[in-house]
Amino acid sequence: TITKDEDDEHGVPFTPTELMTLWYHADNDIVELLLILCYSGWRITEAGKLHIDLDQGYYEGGIKTKAGKGRIVPIHSAVYPLVKHRYEKYGTLLPMCAYNFRLNMYKILNELGIEKHTPHDCRHTFSKLCEDSHVNENDRKRMIGHAFGNDVTNRVYGHRDLRDLKIEIEKIDKECFVTLL
């Protein structure tokens, strides 16, 4: 049971084939942000409010829950050029309202022949990429912004820094898209 407003929205991760299609079209403004979200786990509503540190290679922000606010997520090396491009171009990852992004997203996915997904499916994709790449479960929770609940060891005594999280996020398999870049 979830006793407070938690991240329990169901979704469907992008498939490896769909991710490959997105990588082939990474020069599209909407696709670019989809890829960033798939490799970071941020909510679309968080994307426009993030502090981005390109020098240190991380995002900081979050909304919704105590565990989700103020969290740090390393910028995965595969999407770093995309993040840098958007940040330098717009000063933010999301230069439009989330509603307009959704409309544009649905249109471009349809044009690319990708089944309908929601922006929240990017969080599910990030989680699946982490699972498939054997990212430490506790770090996956930290990066997604999920609480540790009754797990006092991790909630109170877990001390992971940016370097630790970078090591974990870089476990996400690059082989599926390296040849495309």
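The structure displayed is predicted, hence computed values, not measured ones.

### So, the environment of Tyr90
Structurally, Tyr90 is set in helix H4 (residues 80-90). The exposure class assigned to Tyr90 is partly exposed, which follows from its relative accessible area of 30%. Setting aside residues no more than four positions away along its own chain, Tyr90 makes contact with Asp29 and Pro95. At 3.0 Å, the side chain of Tyr90 forms a polar contact with the side chain of Asp29.

### Focus on the sheet that holds strand S1 (residues 51-53)
Reading across the sheet, the three strands line up as S1-S2-S3 and stay open at both edges, with antiparallel pairing between neighbours. The open sheet has two free edges, formed respectively by S1 and strand S3 (71-74), since each of these has just one partner strand. Across the sheet, the mean angle separating the axes of adjacent strands is 20° when strand polarity is ignored.

### Points about the confidence of the model for the protein chain
On average, residues of the protein chain carry a pLDDT of 84, and 79% of them reach 70 or more. For the stretch residues 1-6, pLDDT sits under 50, and the model shows six contacts to residues farther than four places along the chain or on other chains.

### Structural notes on unusual backbone geometry
You will see that His134, though not glycine, has its phi angle at about 60°, which is positive. The residue His134 is located in the loop between helix H6 (120-132) and helix H7 (137-144) in this model. Taking the relative accessible area as the measure of exposure, His134 reaches 65% and is therefore exposed.

### A look at the pattern of salt bridges
If you walk through the whole model with that rule in mind, you get 10 salt bridges. Across the pair Arg140 and Glu131 runs a salt bridge whose closest N-O atoms are separated by 3.8 Å. Residues Arg163 and Asp164 are paired through a salt bridge, measuring 3.7 Å at the closest nitrogen-oxygen approach. Among the residues examined, Asp164 registers a relative accessible area of 14% and is labelled buried.

### Brief notes about H4
Restricting attention to buried positions, one finds in H4 the residues Leu82, Val83 and Arg86. The arc enclosing the buried residues of H4, seen along the axis, measures out at 100°, which places them on a common side. Counted as exposed and oriented over 90 degrees from the buried face of H4: Pro81 and Glu88. Packing partners of the buried residues in H4 comprise helix H1 (16-24), helix H2 (29-38), S1 and strand S2 (58-61). Following H4 by one or two positions, Gly91 adopts a phi angle in the positive range, close to 80°.

### Considerations on the packing of aromatic side chains
Evaluation of the coordinates by the stated rule reveals two aromatic pairs. Considering the side-chain rings of Trp42 and Tyr59, the 6.0 Å spacing of their centres and the 70° angle between planes classify their relative orientation as edge-to-face. Remark: Tyr59 occurs in strand S2 and Trp42 occurs in the loop between H2 and helix H3 (44-47); sequence separation between them is 17 residues. For the pair shown, Trp42 and Tyr59 are each scored as buried.

### Side note on the packing of H2 against H4
Angle between the axes and distance between the axes are the two parameters that describe a pair of packed helices. In contact at an axis separation of 10 Å, H2 and H4 are set at 125° when each is read in the N-to-C sense. Taken as axis vectors, H2 and H4 run oblique relative to one another. In the packing of H2 onto H4, the handedness of the crossing is left-handed. Counted together, Asp29, Glu32, Leu33, Leu35 and Ile36 of H2 and Leu82, Val83, His85, Arg86, Lys89 and Tyr90 of H4 form the full contact between these two elements. Taken together, the residues of the contact of H2 with H4 break down into six nonpolar, one polar and four charged.

### Considering helix H9 (residues 162-169)
Restricting attention to buried positions, one finds in H9 the residues Leu162, Asp164, Leu165, Glu168 and Ile169. Along the axis of H9, the buried residues cluster in a sector spanning 160°; they form a single face. As for H9, its buried residues are in contact with S2, S3, H6 and H7.

Calculation criteria
- Residues numbered from 1 in each chain as written.
- Predicted model: local features only at pLDDT ≥ 70, side-chain atom pairs only at ≥ 80, totals over all residues.
- Heavy atoms only, no water.
- Helix = DSSP H or I, 4+ residues; strand = E, 2+ residues; numbered from the N terminus.
- Buried < 20%, exposed > 50% of the residue type's maximum accessible area, 1.4 Å probe, protein only.
- Contact = heavy atoms within 4.5 Å.
- Polar contact = N/O pair within 3.5 Å; in protein donor to acceptor, adjacent residues only side chain to side chain.
- Pairing = 2+ DSSP bridges.
- Axes fitted to C-alpha atoms, helices over the stretch in contact; angles between N-to-C directions.
- pLDDT = per-residue confidence, 0-100.
- Salt bridge = Lys/Arg side-chain N within 4 Å of Asp/Glu carboxyl O.
- Arc of directions from axis to C-beta.
- Phe/Tyr/Trp six-rings, centres within 6.5 Å; stacked < 30°, edge-to-face > 60°.
- Parallel < 35°, antiparallel > 145°, perpendicular 65-115°, else oblique.
- Left-handed = near helix turned anticlockwise from the far one by under 90°.
- Nonpolar A, V, L, I, M, F, W, Y, C, P; charged D, E, K, R; others polar.

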